[in-house]
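One-letter residues, chain by chain:
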Amino acid sequence: MSTNTLEKLQARFDPQAAQGMHEIFQFHFSDAGSHYLDIQDGNLDIQEGEHDDPSVSLSMSTDTLKGIMNGDINGMTAFMTGKLKATGNVMLATKLTSLFPGE
């Protein structure tokens, strides 16, 4: 995985949007292995691998994530068309764009 995409997430993270949140976003990238975002009350920690008990698990390609983050791809559309698979608290996935607002 281009750590680039994850570094961008780190750079775009909005701590205000994550106040009071305690959530684990697990990503399974078809082209880059697994990573998870650990969000604890305004802090973001990005780890490689799999978390035991994620709040939501998202499966997609890194391109799909990039597209969603850039606003080129609508997350709901990606979900409906099978580009994005989500299990767990799927509503959390809709918060990604507010947690990582675009440029």
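The following paragraphs examine the structure supplied in this document. Numbering of residues begins from 1 in every chain and follows the order in which that chain's sequence is written. Local features in this predicted model are restricted to residues of pLDDT 70 or higher, and side-chain atom pairs are both shown and tallied only at a pLDDT of 80 or more, whereas totals for entire chains, interfaces and linings draw on every residue. To get the side-chain values, take all heavy atoms of the structure and skip hydrogens and water.

Notes on unusual backbone geometry
- The backbone of Asp 41 shows a phi angle near 50°, a positive value even though the residue is not glycine.
- Along the polypeptide, Asp 41 turns up in the loop between strand 2 (33–40) and strand 3 (43–48). The helix and strand labels rest on DSSP assignments: H or I over at least four residues marks a helix, E over at least two residues marks a strand, and numbering proceeds from the N terminus.

Topic: the layout of surface pockets
- Put plainly, a pocket is an open set of points on a 1 Å grid over the protein atoms alone with protein on both sides within 12 Å along at least five of seven lines, a cavity is a set where a 1.4 Å probe fits but cannot get out, and a lining residue has an atom within 4 Å of a point. Grid points are joined across faces, edges and corners, and a volume is the space filled by probe spheres set on the points. The volume enclosed by the largest pocket comes to roughly 190 Å³.
- Around the largest pocket, the lining residues are Met 60, Ile 68, Gly 75, Met 76, Phe 79, Leu 84, Ala 86, Val 90, Ala 93, Thr 94, Leu 96 and Thr 97.
- Elements with a contribution of two residues or more to the lining of the largest pocket: helix 3 (75–80), helix 4 (90–93) and helix 5 (96–99).
- Per-element tally for the lining of the largest pocket: the top contributor is helix 3, with three residues.
- For this scheme, ten residues count as nonpolar: Ala, Val, Leu, Ile, Met, Phe, Trp, Tyr, Cys and Pro. Four count as charged, namely Asp, Glu, Lys and Arg, and the remainder, Gly too, count as polar. For the lining of the largest pocket, the residue count by class is nine nonpolar, three polar and no charged.

Description of the pairing of strand 2
- Burial here depends on accessible area, computed with a 1.4 Å probe over protein chains only, as a share of the maximum for the residue type. Under 20% is buried, over 50% is exposed, and the range in between is partly exposed. Among the eight residues that make up strand 2, six are buried, leaving the element largely enclosed by the rest of the structure.
- By definition, two strands form a pair when at least two bridges between them are found by DSSP. Bridge analysis of strand 1 (residues 22–29) against strand 2 gives eight bridges, and the strand direction is antiparallel. Directly across from Phe 29, in strand 2, lies its bridge partner Gly 33.
- Counting the residues that bridge the hairpin from strand 1 to strand 2 gives three residues.
- For strand 2 and strand 3, the ladder comprises six bridges, and the chain directions are antiparallel. The partner of Leu 37 across the bridge, within strand 3, is Ile 46.
- Linking strand 2 to strand 3, which pair antiparallel, is a turn of two residues; within it Asp 41 sits at a positive phi near 50°.

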